[in-house]
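Listed below, chain by chain, are the residues.
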Amino acid sequence: MKPGVESVESVESGVEPGAEPVVLASDVRMGYGGVQVLNGVDFAVAPGEVSCVIGPSGSGKSTFLRCINGLEPVLGGSLRVLGEEVGHTLRDGRYHPWTPKEFAAFRKNIGMVFQRFNLFAHQSALENVACGPVHVLGTPPDRARTLAMEHLDRVGLADHAHKRPHQLSGGQQQRVAIARALAMNPALMLFDEPTSALDPELVDEVLEVMKGLASEGMTMVVVTHEIAFAREVGDRLTFFADGVVVERGRPRELLAAPAHERTRAFLSSVLGSEDDRS
Amino acid sequence: MRTEPIAGPSGAPVPVARTWHWGRWLAAAVALAVAGWLVYLVVVNPHLDWGKVAEYLFNDRILSGVWVTIEISVLATALGLVLGVLVAVMRLAHNPVLSGLATFYIWFFRGTPVLVQLIFWYNLAFLFPELVLKIPFTMIGLKWDTNQVMTGFTSAMLGLGLNLAAYFAETVRAGIQAVDRGQTEAAYALGMTPAKRMRVIVLPQALRIIIPPTGNEFISMLKTTSLVYVVAGHDLMTNASQIYKANNRIMELLIVASVWYMVMTAVATFLQGRLERRFGSDAVRLVRGGGMAARVLPKVAA
């Protein structure tokens, strides 16, 4: 029996009856080069939920996040996001693989924030934020710049609008990256270890922006090592290991009383070094 | 070097002695002597007529040759750059046929001497006496006599341009591949198609790596055009050789030609410096992940 299966029951509790989940994964499998990365992931995110994902490195949590917006291909099981089976459309009794155009149309509705920011290096902060609306949504450039300025203001960086990414600190770059994703008015935001590449004193400014976003009801999936953030902001916490979901639950309950030995071992190693934060 | 006195044991300032770099003086003297001797041998050579050099330096045929050399260089470089980008994008395409053809193109044009290619284009009439461009299965179209199209000038432009495209395609490919993979992922995550990602995100960043070495390509092209004299392209070298074949002043005319090539190179080097200041300084910083930049940039510069 797969180690993830028994705890999957708790997945259902995260989704209100009747409301269609934003993300619904069942038995998602993925691998490359003969190495199995995801061994049957079951996972769900309800609208407006902040879902935090933790786990040791190499557990497949980042890969799973990248499957959600189709940056990595799902090779088995079913992954439904925003009402669509990621990567395929059912037509005439068959699932037809998406064209690059269909992938692009799907990703418009999903914001993603990367560990290493990935701001467009040849553009100013303002251009980065306006880039998606102008080139993907077809917003007129003037209008897009006005909106971009509002988004930058919201993450507290209006004064830095004309700086290039390399002129900004890591925390500032990540806030621009969040503004860039928000400029597309996404229905879902994915965060791939957004604070892992930051110097410790810059972590909080990014987490503050994410907290604000959560309080406004944005649906978020956050892969993170910030246990304190998961406890305080998360509606649901998922523990990944070896390419499966080992355990899922409300963050305070799961952190206080993990049911699995694997979870206990991980938490004690992480919290041991983070006592002051938690 | 320090000139300010140092406080000595008694507390009074003691001057610093001057260092004599005997080795440097000696090496400089020997090098100057050898270089001076070589220059002297040429300058006072009784077989060399400097009057002829001065006479031909601003000769009409030489000046028109200089002009043709510049024209061929500019046009062939432009052709090579445009075609090079196309070949590079094909080379990186997922379509195995396109990337295979691009690989073959690069291999073929880098694998055969440019001299052979020039003579091939000049003699294209042996293969195709007429060049025909028409709509298939109709009589509508255009027809040219190959020998009239393939003058020394056009075959030089084609030969040098197609050849440069093969080399330049590799530069472009390196530039594209040097752009951090994260840029592509961020572009996709925003909802861009692969083509839009290439045009809006990747190529503008790759250009900053690609542009500086184009100066080198152009400077090298200026001198490669001298090969055009085998197909009588009326460039600087062709005209100089026609003059010396008539009056047998080979050395004098080679000096005349060399002076002009050096002048053109100096001007191009000056322009290249400005181009690199405009685009080069940002290039290293823009390509994130220092390892990749360090591996690719020296290759590109070569």
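Residues numbered from 1 in each chain as written. Chains lettered and ligands numbered in written order. Predicted model: local features only at pLDDT ≥ 70, side-chain atom pairs only at ≥ 80, totals over all residues. Heavy atoms only, no water.

### Quick word on the overall build of chain B
Counted only if it meets this: What counts as a helix is a DSSP run of H or I of at least four residues, what counts as a strand is a run of E of at least two, and both are numbered from the N terminus. For every residue, the accessible area (1.4 Å probe, protein chains only) is compared with the maximum for its type, and the residue is labelled buried under 20%, exposed over 50%, or partly exposed between those bounds. Surface exposure here means Shrake-Rupley accessible area, sampled with a 1.4 Å probe, where a residue is shielded only by the protein chains that are shown. Only four residue types enter the charge count, namely Lys and Arg as positive and Asp and Glu as negative; His and the chain termini do not. In plain terms, the charge of a residue is placed at NZ if it is Lys, CZ if Arg, CG if Asp and CD if Glu.
Helices and strands together make up the secondary structure of chain B, namely 12 helices and four strands. For chain B, the C-alpha atoms occupy an extent of roughly 105 × 70 × 30 Å along the three principal directions. Taking all 302 residues of chain B together, the buried fraction comes to 38%. Per element, the accessible surface of chain B, about 17,600 Å² overall, is 70% carbon and sulfur. Of the side-chain charges in chain B, 25 are positive and 15 negative, and the distance between the mean point of each set is 10 Å.

### Some remarks on the overall build of chain A
Definition in use: For this measure, only C-alpha atoms enter the radius of gyration; the expected value for a globule follows 2.2 Å times N^0.38, where N is the number of residues.
When helices and strands are tallied, chain A shows 10 helices and 12 strands. The globule rule puts the C-alpha radius of gyration for 278 residues at 19 Å, and the 19 Å found for chain A is close to it. Along the longest, intermediate and shortest principal axes, the C-alpha atoms of chain A span 55 × 55 × 40 Å. Residues counted as buried form 57% of the 278 residues belonging to chain A.

### Notes on the side chain of His122(A)
What counts, and what does not: Two N or O atoms count as a polar contact when they lie within 3.5 Å, although within protein this holds only if one can serve as hydrogen donor and the other as acceptor, and sequence-adjacent residues are included solely when both atoms are side-chain atoms.
Tracing the backbone shows His122(A) in the loop between β8 (110-113) and α4 (125-137). Side-chain polar atoms of His122(A) contact the side chain of Gln205(B), separated by 3.2 Å.

### A few points about helix α4 (residues 96-111) of chain B
All names here are of chain B. The line we're drawing: For a helix, the expected span equals 1.5 Å multiplied by the residue count minus one. The directions considered for the arc run from the helix axis to the C-beta atoms.
Compared with an ideal rise of 1.5 Å per residue, which puts 16 residues at 22 Å, α4 spans 21 Å between its outermost C-alpha atoms and is within 8% of the ideal. Buried within α4 we find Ser 99, Ala 102, Tyr 105, Ile 106 and Phe 109. Buried residues in α4, looked at end-on, bunch into an arc of 115 degrees, giving them a common side. Away from its buried face, by an angle of more than 90 degrees, α4 presents the exposed residues Pro 96, Val 97, Trp 107 and Gly 111. One side-chain oxygen at the N-terminal end of α4 lies 2.9 Å from the backbone nitrogen of Val 97; it belongs to Asn 95.

### With respect to the confidence of the model for chain B
Residues and elements named next belong to chain B. The condition that has to hold: On a range of 0 to 100, pLDDT expresses the predictor's confidence in each residue. Any pair of residues with heavy atoms lying within 4.5 Å of one another is described as a contacting pair.
Here chain B averages 86 in pLDDT, and 92% of its residues register 70 or above. Here helix α12 (residues 290-301) is the element of chain B with the lowest mean pLDDT, 39, and helix α8 (residues 181-189) is the one with the highest, 96. For residues 283-302, every residue scores under 50 in pLDDT, and the model assigns this stretch 28 contacts once sequence neighbours within four places are set aside.

### What about the sheet that holds strand β2 (residues 35-45) of chain A?
Strand pairing within a sheet occurs via backbone hydrogen bonds; the two strands may be parallel or antiparallel. Residues and elements named next belong to chain A. Operational definition: Two strands qualify as a pair provided DSSP detects at least 2 bridges between them. For helices, the fitted axis covers only the stretch in contact; all axes are lines through C-alpha atoms, and the angles between them, taken along N-to-C directions, range from 0 to 180 degrees.
Across the sheet, four strands lie side by side as β2-β1-β4-β5; this open sheet has antiparallel pairing. Each edge of the sheet is formed by a strand with only one pairing partner; in this case those strands are β2 and β5 (84-85). Pairing between strand β4 (residues 76-81) and β5: two bridges, direction antiparallel. Following the sheet pairing, Arg 80 is matched in β5 by Glu 85. Strands in contact with helix α2 (residues 61-68) are β1 (23-32), β2 and β4; relative to β2, the strand with the most contacts, it is inclined by about 65 degrees.

### A look at the interface of chain B and chain A
Selection criterion: The term buried area means the drop in 1.4 Å probe accessible area that two parts suffer when joined, counted for both and summed. Criterion for a salt bridge: a side-chain nitrogen of Lys or Arg within 4 Å of a carboxyl oxygen of Asp or Glu.
Contacts between chain B and chain A engage 24 residues on the former and 26 residues on the latter. Here chain B meets chain A over a buried area of about 2,100 Å², counting both sides, of which 60% is carbon and sulfur. For the interface between chain B and chain A, the tally reads one salt bridge. A salt bridge links Glu185(B) to Arg66(A), with the shortest nitrogen-to-oxygen separation between them at 2.6 Å.

### Considerations on the pairing of β4(A)
Residues and elements named next belong to chain A. Two elements, β1 and β4, share five bridges in a ladder whose sense is antiparallel. Within β4, the position partnered with Leu 24 by the bridge is Arg 80. Counting the residues in the hairpin turn of β4 and β5 gives two residues, including Leu 82, whose phi is positive at 50 degrees.

### Describing the packing of aromatic side chains
Rule in force here: Each Phe, Tyr or Trp ring, with Trp reduced to its six-membered ring, pairs with another whose centre is within 6.5 Å; inter-plane angles below 30 degrees give stacked pairs, above 60 give edge-to-face pairs, and intermediate values give tilted ones. Any Lys NZ or Arg CZ that is within 6 Å of a ring centre and within 35 degrees of that ring's normal is treated as a charge sitting over the ring.
According to the stated counting rule, one finds 12 aromatic pairs over all chains in the structure shown. Measuring from ring centre to ring centre gives 5.2 Å for Phe108(B) and Phe109(B), while their planes differ by 80 degrees; the resulting arrangement is edge-to-face. One cation-aromatic arrangement involves Arg180(A) over Phe120(A); the distance from NZ or CZ to the ring centre is 4.5 Å. Positioned over the ring face of Tyr167(B) is Arg110(B), at 5.7 Å from the centre of the ring.

### Here we look at the nonpolar core
Residue and element names in this part refer to chain A. In plain terms, the rule: Definition used in this section: a nonpolar core is a set of buried Ala, Val, Leu, Ile, Met, Phe, Trp, Tyr and Cys residues joined via side-chain atoms within 4.5 Å.
Ranked by internal contacts, the top residues of the largest apolar core, which has 53 residues, are Leu 152, Ile 178, Met 189, Phe 191, Met 210 and Met 220. Per element, the largest residue contribution to this core is seven residues, and it comes from helix α7 (residues 203-215). When sequence neighbours within four positions are dropped, the list of residues in contact with Met 220 reads Glu 49, Val 50, Ser 51, Met 189, Phe 191, Met 210, Leu 213 and Ala 214. Judged by nonpolar contacts, the second largest core, of 43 residues, contains Val 23, Val 74, Leu 79 and Val 136.

### Side note on the sheet that holds strand β11 (residues 236-241) of chain A
Residue and element names in this part refer to chain A. Here we have six strands laid out as an open sheet, ordered β8-β9-β10-β3-β11-β12, and mixed in their pairing. Whereas interior strands pair on both sides, the edge strands pair on one side only; in this sheet they are β8 and β12 (244-249). With strand direction ignored, the average angle separating the axes of adjacent strands in the sheet is 20 degrees. Here four bridges tie β8 to strand β9 (residues 188-192), and the two strands are oriented parallel to one another. Following the sheet pairing, Met 112 is matched in β9 by Leu 190.

### Description of the pattern of salt bridges
Evaluation of the coordinates by the stated rule reveals 17 salt bridges over all chains. Here Glu130(B) makes a salt bridge to Lys143(B), at a shortest N to O gap of 3.7 Å. Of the two residues, Glu130(B) is situated in strand β3 (residues 130-134) and Lys143(B) in strand β4 (residues 141-145); the sequence distance between them amounts to 13 residues. Through salt bridges with shared partners, a single network forms among Arg66(A), Glu72(A) and Glu185(B).

### What about the pairing of β1(A)?
Residues and elements named next belong to chain A. Where β1 meets β2, eight bridges bridge the pair, whose relative direction is antiparallel. The partner of Arg 29 across the bridge, within β2, is Asn 39. In sequence, β1 turns back onto β2 through a hairpin of two residues, with Gly 33 there showing a positive phi of about 60 degrees.

### Some details on the environment of Leu236(B)
Residue and element names in this part refer to chain B. In this structure, Leu 236 sits in helix α10 (residues 236-247). C-alpha of Leu 236 to C-alpha of Leu 79: the two residues are 157 residues apart in sequence and 21 Å apart in space. Ignoring sequence-local partners within four residues, the contact set of Leu 236 consists of Ile 62, Gly 65, Val 66, Thr 69, Ala 257, Trp 260, Tyr 261 and Met 264.

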